[in-house]
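# Fold and contact review
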Amino acid sequence: MTTASEAPAIGLTHGGSEDTGLGHRGPESKSIVVPYGFWLFVLSDMVLFSALFASYATLAHATDGGPISNQLFDRNLVAIETIALLVSSFVCGLAMIAAKRANMIWTQGWLLVTGLLGFVFLSIELFEFAKMIGEGAGPQRSAFLSAFFTLVGCHGAHVTCGLLWIGTMMAQIWAKGFQPHIMRRLLCLSVFWHALDIIWVAIFTIVYLIGTLP
Amino acid sequence: MISAGPSGGLIRRAALVAAACLLASACNRGILEPVGPVGQAEKTIMINSTAIMLAIIIPTMLATIGIAWWFRRGNTKATYMPDWEYSGAIEMVVWAIPALTIMLLGGIAWIGSHDLEPSKPLPGTSPALKVEVVSLDWKWLFIYPDQGIATVNQLVVPAGTPVSFRLTSATVWNSFFVPQMGTMIYTMPRMTTRLNLQADKPGSYNGLSSHFSGDGFPGMQFQVQALPPEQFAMWAQGARGQGTPLDGRGYAELSKPSSYVKPMIYGAVAPGLFDAIVANRTPSNPVPTPQHNRPVPGSKA
Amino acid sequence: MFGKLTWSAIPFDQPIPLITSIVMLLVIAAVAVWVWRNGWWPHIWNEYITSTDHKHIGIMYIVLALVMLVRGFADAIMMRAQQSLAVGASQGYLPPEHYNQIFSAHGTIMIFFMAMPIVIGMMNFVVPLQLGVRDVAFPTMNNVSFWLTASGALLVNVSLFVGEFARTGWLGFPPLSEKAFSPGVGVDYYLVALQISGVGTVLTAVNFVTTILKTRAPGMSYLRMPVFCWTALASNLIMLAAFPVLTVALAELMLDRYLGFHFFTNDGGGNSMLYMNLIWVWGHPEVYILVLPAFGIYSEVASTFSGKPLFGYRSMVFATLAICIISYMVWLHHFFTMGAGADINAVFGIASMIIGIPTGVKIYNWLFTMYGGRVRFTVPMYYLIGFMLTFVVGGLTGVLLAIPPVDFVVHNSLFLVAHFHQVIIGGVVFAVMAGYTYWFPKAFGFTLDERLGKAVFWCWFIGFHLAFMPLYVLGFWGATRRMQHIPDPTWQPWLNVAFVGAVIIGLGIVLTVVQLLYSIKTRDQRRDVTGDPWDGRTLEWLTLSPPPHYNFAVLPDVHGEEAYWTRKQTAIKQDQLIEEPDYQPIEMPVNSPTGIIVAFFASLCGFAIIWYIWWLAILGLIGAFAVFVWYAWRDEHEHIIPVEEVRANARERRRIRMEHLHELSQST
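Residues numbered from 1 in each chain as written. Chains lettered and ligands numbered in written order. Predicted model: local features only at pLDDT ≥ 70, side-chain atom pairs only at ≥ 80, totals over all residues. Heavy atoms only, no water.

Attention shifts here to the packing of aromatic side chains. Taken as a whole, this structure holds 84 aromatic pairs over all chains when the rule is applied. When the ring of Y382 of chain C is compared with that of W458 of chain C, the centres are 6.1 Å apart and the planes differ by 80°; the resulting orientation is edge-to-face. Pair noted here: Y382 of chain C is in helix α12 (residues 379–402) and W458 of chain C is in helix α15 (residues 450–476), with a separation of 76 residues, a long-range link. Each member of the aromatic cluster is reached from another via a ring pair, and the members are F73, F121, F129, F148, F149, W200 and Y208 of chain A. Here the basic side chain of R29 of chain B rests over the ring of W477 of chain C, its NZ or CZ set 3.4 Å away from the ring centre. Over the ring of W69 of chain B we find R72 of chain B; its NZ or CZ atom is 4.0 Å from the centre of that ring. (Phe/Tyr/Trp six-rings, centres within 6.5 Å; stacked < 30°, edge-to-face > 60°. Helix = DSSP H or I, 4+ residues; strand = E, 2+ residues; numbered from the N terminus. Lys NZ or Arg CZ within 6 Å of the ring centre and 35° of its normal.)

If you want it as structure tokens, here you go:
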């Protein structure tokens, strides 16, 4: 016959027990686990961008007699790009709020605007790239330009994946509604989109602002 | 007294080289038989550090065997302590032993790194001999800027004199290494590394590349001949004007991929060749005609 | 139409790769036919290929690793033979173009497709069981991770008979790996294979960090986790933070090669030192990814086979996390000879030594785990003791290498080669062999033959020492690494001893296979009836062997460290099991072919990129994306295991346990 004092030691009490220190109720639910895992992935992506920033910093002056950052970047265009991306982040937040209220029209609408603003961002970026390449300042010109195109281009590639994801989510929400697993994915998408914004702020500062100092 | 004319110089040089090779046929034990101050200091650090660590590791290994054996399940004389899993005293000791060892070795590392920094000039009474080293595919080019000559796969240096190297690569990374002289250093294209070594006594020492550089890599062996200073001066003087000049055309020819290249001498070198290689400008100017009667810098008059 | 791919890519004129490829293809075909004739393909498809069960995914990882061990070892013995033969006037039997591919493939395969998968496989199998949960956090993603790794391994092997492999060493330093100096497809095979499997590795890291931090049995706080789970956490944290740097380094090299960028080129301002830094920022933490779970295995083995809890648990946890963090601060010790200057060299040298402190503490804690114990000399214990004797010498040589002036004369030499093989074989390989023996009965329901296991150990122990001790000596004598031809004939006797050592290791590998086949044939003599054949201390030994797919009928409540041990001792003392809990139906994830299909498209895309077949590469990408979307569209994520089945299995387990309760103790 087990005594009361032995019961905890042999696991007869269930979950949330008294002597677990930090305490643990057992495995967390999917609504916690999935976003947590996605955050970890985003962190690894940040490490990826850190390595690209490190490469850029190392090669920032390796211009091989070619164009330097001061000559290349148009602050006005960059400002428009940045505003587009920042607003798209805000709008993405509005989409999440609408989704939590299971409002199909507003969710799809705000997601569409998010995607369009992202598309505006990408278009300006592609225009900038094409212009630079046309002027002979393409990534093959120098190590500095290779690093620039790769860092900014990698961010652009992430934005492109984000746009594909937005499109897929819009289709999924339309077809399946606001089921729990769809909501989890939407949450991950919004985390991804905001993280891209954070990276852009860093790029904007280190590449474009510092690069166009007089 | 052997004539100092061109042909006499050649014979003299060949005889020196042959004698040095015979000496070298005794097996050499690489970094365990250093011939200069750098290699000697490095060997000392290595042996001392190994001894310090063995003093910790050997008792640990013996304890491993001893404890495992004593506490084997069949041994009824050993005390079974099934709940013993912590002891503050032991924890302090097991953290302290590695920590103290590492503090000691860390000090050695700090001091050693500074004393033996490759770019640091060696103390010495004689002025350093300058040698510029270029690793090509797949051979070594040694330029003597003050003597106006260059060699391939053979480095001749005066014994007892510090040698100050500037190194680069024409193509891919290599690593200049003469085990008996000590420290190795990478050679990297468009960059210059610096190294200071010295051979205290005359002899012949093996050299190699210690960073893999492609299909011809195994053929990048070279010989270092350390000659008494007067003989070195005579060798350098005698080499001037011999063989082909290392100008633009000569360098282009040398740059063609080849391996297991026999030692060669260039009696004249385009000025600034090394810097041109670093800056990726192949030299195009022909070499100026050498003036035979001008004394070679660094030799006794 | 087919890019650079022509018939000349097949090595009709090179007998060694040609014959090897033909033999490999014949063996694969023979195995496939044999499996088909026995009607096993449906079972393998359902239970393994599309499985989302961490146990079966772990087994697949280990099988992949063991197959690649054979390939990597074949490369090794070819290298040893060449170095024994190619002395003085002889050029041996392998010309440089071939030899250089072999040592590059050896390193690449052993690290990326042997050591990583086998360690990840062990963590896959064991961690959820030890945490007392049913599976990892993201079971389908786990399956995808495996297949992406397999895709990388496939591409490396394809390079044997279509094209060539890299000739640049396992890290592919520029400028040698740039287009100008390596114009063939070899480096591209290397880059693409690693990028694909690298994605799998990052996904594994996300999976395991989430699992360990967010899904554990009720009551299992951090300081009640088994040490193997702590080391798995540390290893996966390193994976998460280090692999993106590798991705960037390799991607930048790919951009140089494919699009003419100038990251590391000799012209255009490129900086090859940047690659050195990036690759080693990844490369040093990588070896800790391998060795930390190995340390975890040793902790489990030490405590189980000493009949005592692990000594200094909190110290071990702290040491593990210290190693995890410091591993990021030492990378420059791989290029002390690059000329960074005394201050920088010294700082990194000291940091590299500091990492030896927590490692030393671990050795002593294992020592004191045995102290006061009742040590049983099982095969895993042999490996533990073999490790403790071998690894400390490897640590000594490592600290020597961490002293810059010493490194100045032994960098890149055979001394270095001996050092890292010592710590990898003594550390990781021995641990993996111990873990393989220790957890085999849990996976398959019977133990491996002990005598053959001990023979395998001695082959590895003796073979390793014979193969690598001569290399230390040769390193002192000035022998550098990666030499297709040996310049000094006095080295030959030592190289011959090394070759004999390699042969003995080969014998060990053969005996491992023999042991497996013999153990399967005689498995009825060594059935693991109770599920706890070793008198274990952690939760995986609570289940029968093999455990049901869902692991535990009811997630165990954990109170205190060593939850299973306490529970077992109480049951033995009271001569009864704990009260029967309420059973519920259990939801488990369904199988999914997503992994293998994504890997198929990844392999296709990868092959196309290597051979410049752009339309096929785009098709592959589209295919992979389509699979994602198709997977995302499914409605059935889980299936339910009915409560009757759960109850029946659980009662069977309880019946067997009750019957054999007193046989579980082995220390008294």
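Still more to cover.
To continue, consider α15 of chain C. All names here are of chain C. Over its 27 residues, α15 runs 39 Å from end to end, which matches the ideal 39 Å to within 8%, given 1.5 Å per residue. The N-terminus of α15 is capped by D449, whose side-chain oxygen sits 3.2 Å from the backbone nitrogen of R451. Where α15 ends, the next residue or the one after it, G478, has phi of about 100°, a positive value. (Expected span 1.5 Å × (residues − 1). Polar contact = N/O pair within 3.5 Å; in protein donor to acceptor, adjacent residues only side chain to side chain.)

Quick look at the interface of chain C and chain B now. On the chain B side, the residues contacting the 90 residues of chain C number 80 residues. For the pair chain C and chain B, the summed buried area comes to about 7400 Å², and 72% of that belongs to carbon and sulfur atoms. Considering only the surface of chain C that becomes buried against chain B, Y364, F408 and V409 of chain C emerge as the three largest contributors, covering 9% of it. On inspection of chain C and its partner chain B, the count reaches one salt bridge. A salt bridge links R167 of chain C to D215 of chain B, with the shortest nitrogen-to-oxygen separation between them at 2.4 Å. Elements with a contribution of two residues or more to the side of chain C that touches chain B: α4 (96–131), α8 (272–306), α9 (313–326), α10 (342–354), α11 (356–370), α12 and α13 (404–410) of chain C. Per element, the largest residue contribution to the side of chain C that touches chain B is eleven residues, and it comes from α11 of chain C. Here the residues of the side of chain C that touches chain B are counted per class, giving 52 nonpolar, 28 polar and ten charged. (Contact = heavy atoms within 4.5 Å. Buried area = accessible area lost by both parts, 1.4 Å probe. Salt bridge = Lys/Arg side-chain N within 4 Å of Asp/Glu carboxyl O. Nonpolar A, V, L, I, M, F, W, Y, C, P; charged D, E, K, R; others polar.)

This brings us to the packing of helix α2 (residues 30–59) of chain A against helix α7 (residues 180–211) of chain A. Residue and element names in this part refer to chain A. One can describe the packing of α2 onto α7 by two numbers: an axis separation of 10 Å at closest approach and a directional angle of 20°. Relative to α7, the element α2 lies roughly parallel. In terms of crossing hand, the pair formed by α2 and α7 is right-handed. Taken together, the residues of α7 that come into contact with α2 (itself represented by K30, S31, V34, P35, F38, W39, V42, D45, M46, F49, F53 and Y56) are R184, L187, C188, V191, F192, A195, I199, A202, I203, I206 and V207. For the contact of α2 with α7, a count of residues per class yields 19 nonpolar, one polar and three charged. (Axes fitted to C-alpha atoms, helices over the stretch in contact; angles between N-to-C directions. Parallel < 35°, antiparallel > 145°, perpendicular 65-115°, else oblique. Left-handed = near helix turned anticlockwise from the far one by under 90°.)

A few words now on the interface of chain C and chain A. On the chain A side, the residues contacting the 54 residues of chain C number 53 residues. The contact between chain C and chain A buries some 4500 Å² in all, and 66% of this surface belongs to carbon and sulfur atoms. For chain C, the biggest contributors to the area lost against chain A are K214, H559 and W633 of chain C; these three give 15% of the whole. Where K30 of chain A meets E638 of chain C, a salt bridge forms, and the shortest distance between an N and an O atom there is 3.2 Å. One can count eleven residue pairs in polar contact (both at pLDDT 80 or more) joining chain C with chain A. Taken together, the residues that form the side of chain C that touches chain A break down as 28 nonpolar, 16 polar and ten charged.

What follows deals with empty space enclosed by the protein. Residues and elements named next belong to chain C. Taken as a whole and judged by the stated rule, the model has 13 cavities of 30 Å³ or more. Roughly 140 Å³ of internal volume is contained in the second largest cavity. Around the second largest cavity sit L542, Y564, R567, K568, A571, L577, I578, R653, R654, R657, L661 and L664, which together line it. Where the lining of the second largest cavity is concerned, the elements lending two or more residues are α17 (563–574) and α20 (643–659). Among the elements that make up the lining of the second largest cavity, the one with the highest residue count is α17 (four residues). When the residues that make up the lining of the second largest cavity are grouped by side-chain class, the tally is seven nonpolar, no polar and five charged. (1 Å grid on protein atoms, 1.4 Å probe; cavity = no way out; pocket = protein on both sides within 12 Å on 5 of 7 lines; lining within 4 Å. Points joined across faces, edges and corners; volume = space filled by probe spheres on them.)

With that out of the way, let us pick up the state of the cysteines. Simply put, disulfide is the name for a covalent bond between the sulfur atoms of two cysteines. All names here are of chain A. Evaluation of the coordinates by the stated rule reveals zero disulfides over all chains. C161 provides the cysteine sulfur closest to C154, a residue in no disulfide bond, and the two sulfurs are 9.3 Å apart. On the basis of relative accessibility, which here comes to 17%, the residue C154 falls in the buried class. (Disulfide = S-S within 2.5 Å. Buried < 20%, exposed > 50% of the residue type's maximum accessible area, 1.4 Å probe, protein only.)

With that settled, consider a nonpolar patch on the surface. On the surface, I19, V23, V27, V31, W34 and W40 of chain C cluster together into a nonpolar patch covering about 590 Å² of accessible area. Here V31 of chain C shows up in helix α1 (residues 15–37). (Patch = residues over 30% accessible without salt bridge, like charges linked within 9 Å, V, L, I, M, F, W, Y side chains within 5 Å. Areas by Shrake-Rupley, 256 points an atom, 1.4 Å probe, with all protein chains shown as cover.)

Before going further, it helps to spend a moment on the packing of helix α14 (residues 414–444) of chain C against α15 of chain C. Residues and elements named next belong to chain C. Between α14 and α15, whose axes approach to 7 Å, the crossing angle comes to 165°. Taken together, the axes of α14 and α15 are roughly antiparallel relative to one another. Viewed along their axes, α14 and α15 form a crossing whose handedness is left-handed. Two secondary-structure elements touch here, α14 through L414, F415, V417, A418, H419, H421, Q422, I425, V429, F430 and M433 and α15 through V456, W460, F461, F464, F468, M469, L471, Y472, L474, G475 and F476.

Right, let's get into the side chain of S519 of chain C. Residue and element names in this part refer to chain C. Note that S519 resides in helix α16 (residues 492–521). Its relative accessible area of 0% is what places S519 among the buried residues. A polar contact of 3.0 Å, which involves the side chain of S519, links it to the backbone nitrogen of D449. When residues no more than four places from it in sequence are discounted, the contact partners of S519 are F446, T447, L448, D449 and R526.

Once that is clear, we can look at the pattern of salt bridges. One pass over the structure, following the stated rule, counts 19 salt bridges over all chains. D188 of chain C serves as the salt-bridge partner of R257 of chain C, at 2.8 Å between the closest nitrogen and oxygen. Of this pair, R257 of chain C sits in helix α7 (residues 227–259) while D188 of chain C sits in helix α6 (residues 186–214); the two residues are 69 residues apart in sequence, bridging distant segments of the chain. Looking at D188 of chain C, the relative accessible area reads 0%, which means it is buried. Between D535 of chain C and K568 of chain C there is a salt bridge whose closest N-O contact spans 2.7 Å. Linking D535 of chain C in the loop between α16 and α17 with K568 of chain C in helix α17, this pair joins segments that are 33 residues apart in sequence. For the pair D535 of chain C and K568 of chain C, a shared accessibility class is recorded, and that class is buried. One continuous salt-bridge network, built from bridges that share partners, spans E132, R166 and D275 of chain B.

Residues and elements named next belong to chain B. Reading across from one edge, β4-β10-β9-β6-β7 is the order of the five strands in this open sheet, with mixed pairing throughout. Two strands bound the open sheet, and with one partner strand each, they are β4 (154–158) and β7 (182–187). Strand-to-strand twist of the sheet, defined as the mean angle between neighbouring strand axes without regard to direction, takes the value 20°. Sheet topology note: the strand β6 (residues 174–178)/strand β9 (residues 203–209) ladder contains two bridges and is antiparallel. The partner of F177 across the bridge, within β9, is L208. Sitting on the sheet, helix α4 (residues 229–239) is in contact with β4 and β10 (222–227), with an inclination near 130° to β4. (Pairing = 2+ DSSP bridges.)

Our next topic: the environment of E300 of chain C. All names here are of chain C. Inspection of the secondary structure assignment puts E300 in helix α8. Using a relative accessible area of 5% as the deciding quantity, one classes E300 as buried. Separated by 225 residues in sequence, E300 and Q525 place their C-alpha atoms 26 Å apart. Apart from residues lying up to four places away in sequence, E300 is in contact with Q130, P226, V227, F228, Y438, W439 and T538.

On average, residues of chain A score 89 in pLDDT, and 89% of them are at 70 or above. Note on residues 1–23 of chain A: pLDDT under 50 across the span, and 34 contacts to partners over four residues away in sequence or across chains. (pLDDT = per-residue confidence, 0-100.)

Residues and elements named next belong to chain C. You can see D135 is positioned in the loop between α4 and α5 (139–161). For the buried D135, which has no salt bridge, the nearest side chain bearing the opposite charge is K55, at an N-O separation of 6.6 Å. A distance of 3.5 Å separates a polar atom in the side chain of D135 from the backbone nitrogen of H54. (Lys, Arg positive; Asp, Glu negative; His and termini not counted.)

Whether parallel or antiparallel, the strands of a sheet pair through hydrogen bonds between backbone atoms. Residues and elements named next belong to chain B. Reading across the sheet, the six strands line up as β8-β5-β1-β2-β3-β12 and stay open at both edges, with mixed pairing between neighbours. Each of the sheet's edge strands pairs with one partner strand only, and the pair in question is β8 (193–198) and β12 (264–266). Within the sheet, the average angular offset between the axes of one strand and its neighbour, ignoring direction, is 25°. As paired strands, strand β5 (residues 162–169) and β8 are joined by six bridges and run antiparallel to one another. Looking at the pairing, R166 lines up with R194 of β8. Taken strand by strand, α4 contacts β1 (129–136), β2 (139–144), β3 (149–152) and β12, and its axis lies near 100° from that of β3.

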